[in-house]
Structures are given as structure tokens and as C-alpha cells.
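Coordinates in review
The chain contents come next:
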Amino acid sequence: MPQIPIWRPSAKNELPTSVPLTTKQLEDILKKNDVDGDGRLTKEELKKAFEQLGSRNPGWRVHRAFRHADNNKDESISLEELDELVKYVVGLGYRIS
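Cut-offs applied
- Residues numbered from 1 in each chain as written.
- Predicted model: local features only at pLDDT ≥ 70, side-chain atom pairs only at ≥ 80, totals over all residues.
- Heavy atoms only, no water.
- Buried < 20%, exposed > 50% of the residue type's maximum accessible area, 1.4 Å probe, protein only.
- Helix = DSSP H or I, 4+ residues; strand = E, 2+ residues; numbered from the N terminus.
- Arc of directions from axis to C-beta.
- Contact = heavy atoms within 4.5 Å.
- Polar contact = N/O pair within 3.5 Å; in protein donor to acceptor, adjacent residues only side chain to side chain.
- Salt bridge = Lys/Arg side-chain N within 4 Å of Asp/Glu carboxyl O.
- Axes fitted to C-alpha atoms, helices over the stretch in contact; angles between N-to-C directions.
- Parallel < 35°, antiparallel > 145°, perpendicular 65-115°, else oblique.
- Left-handed = near helix turned anticlockwise from the far one by under 90°.
- Nonpolar A, V, L, I, M, F, W, Y, C, P; charged D, E, K, R; others polar.
- pLDDT = per-residue confidence, 0-100.

**Some remarks on helix H2 (residues 43–53)**
- For H2, the set of buried residues is Glu-45, Leu-46, Ala-49, Phe-50 and Leu-53. In a view along the axis of H2, the buried residues occupy a sector of 140 degrees, so they form one face of it.
- In this fold, the buried residues of H2 make contact with helix H1 (23–32), strand E2 (40–41), helix H3 (58–69) and helix H4 (82–92).
- Just downstream of H2 lies Gly-54, where phi reads positive at about 90 degrees.

Here you go:
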């Protein structure tokens, strides 16, 4: 039986192996980690979100995220502050494989 040649894309035509997460996808991931449902992300809840995103150092990411998004310095990220958090996380370039 003759073998059918398999098309293999050249390097310039290869499809990406991963794509960036959209703002909506990131927002959903962050909101799902509000385990107690109080509309606020604690440091522990945000750490779990960064773990799900594949962060190599989620504790450090939480620290940086709070510096970017916790505008009222109450040690939690509220829904009003979520947009700033999402902007920060988008800038980190997390991707879906």
C-alpha cells in the first residue's frame, strides 16, 4: 500500500502552539477563584489563580498584582479593582496551550 505524504508546515507557516488568553478568559479565571463568593479576591485566592495560569512564582505575582490593582490598600481586590488586575495579568502574556 503506498504511503500518503503528510503535509508538514514550514516554519513560517506553522500554527502557534499556544494563544494568549483573552481579557474575558482572564476575568473568568479570576472570578472563579473568589471561593467564598464575597466579590473580593484575597491574596490566597489570587495565588491559586496564578497557579492555575501556570505562574512559576505565584506568591511573587500576587505581591506585584496587589501593588498594581489594590488601589484602596485594603489587602483584597474588589470587583471595582478587577479591571486593573486584568490589565496587569494581560501584560504578563499568559497563554492557552
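Here the narrative resumes.
**Some points on the side chain of Ser-76**
- As for its position among the elements, Ser-76 is in the loop between H3 and strand E3 (77–78).
- Engagement of the side chain of Ser-76 in a polar contact is seen with the side chain of Arg-40, the distance being 2.9 Å.
- Filtering out sequence-adjacent residues up to four positions away, Ser-76 remains in contact with Arg-40, Leu-41, Phe-66, Asp-70 and Glu-81.

**Observations concerning the pattern of salt bridges**
- A complete count under the given rule lists 5 salt bridges for this structure.
- Ionic pairing is found between Lys-31 and Glu-27, a salt bridge with its closest N-O pair at 3.4 Å. Placement of both Lys-31 and Glu-27 in helix H1 is noted, with a separation of 4 residues, approximately one turn of the helix.
- Across the salt bridge formed by Arg-40 and Asp-74, the nearest N and O atoms sit 2.0 Å from each other. Here Arg-40, found in strand E2, pairs with Asp-74, found in the loop between H3 and E3; they are 34 residues apart in sequence, far enough to count as distant.
- Using a relative accessible area of 26% as the deciding quantity, one classes Arg-40 as partly exposed.

**Points about the environment of Glu-44**
- Inspection of the secondary structure assignment puts Glu-44 in helix H2.
- Note on Glu-44: relative accessible area 48%, which makes it partly exposed.
- Along the chain, Glu-44 and Asp-34 lie 10 residues apart, while their C-alpha atoms are 9.7 Å from each other.

**Points about the packing of H1 against H2**
- Running from N to C, H1 and H2 cross one another at 135 degrees; their axes reach a closest spacing of 8 Å. Here H1 lies oblique to H2, going by the angle between them. Considering the relative orientation of H1 and H2, their crossing is right-handed. Contact residues: H1 offers Leu-26, Ile-29 and Leu-30, while H2 offers Leu-46, Ala-49, Gln-52 and Leu-53.
- Partitioned by chemical class, the residues of the contact of H1 with H2 number 6 nonpolar, 1 polar and no charged.

**Brief notes about the confidence of the model for the chain**
- For the chain, the average pLDDT comes to 87, and 81% of its residues sit at 70 or higher.
- Confidence, read as mean pLDDT per element, is least for strand E4 (residues 95–96) in the chain (81) and greatest for E2 (98).

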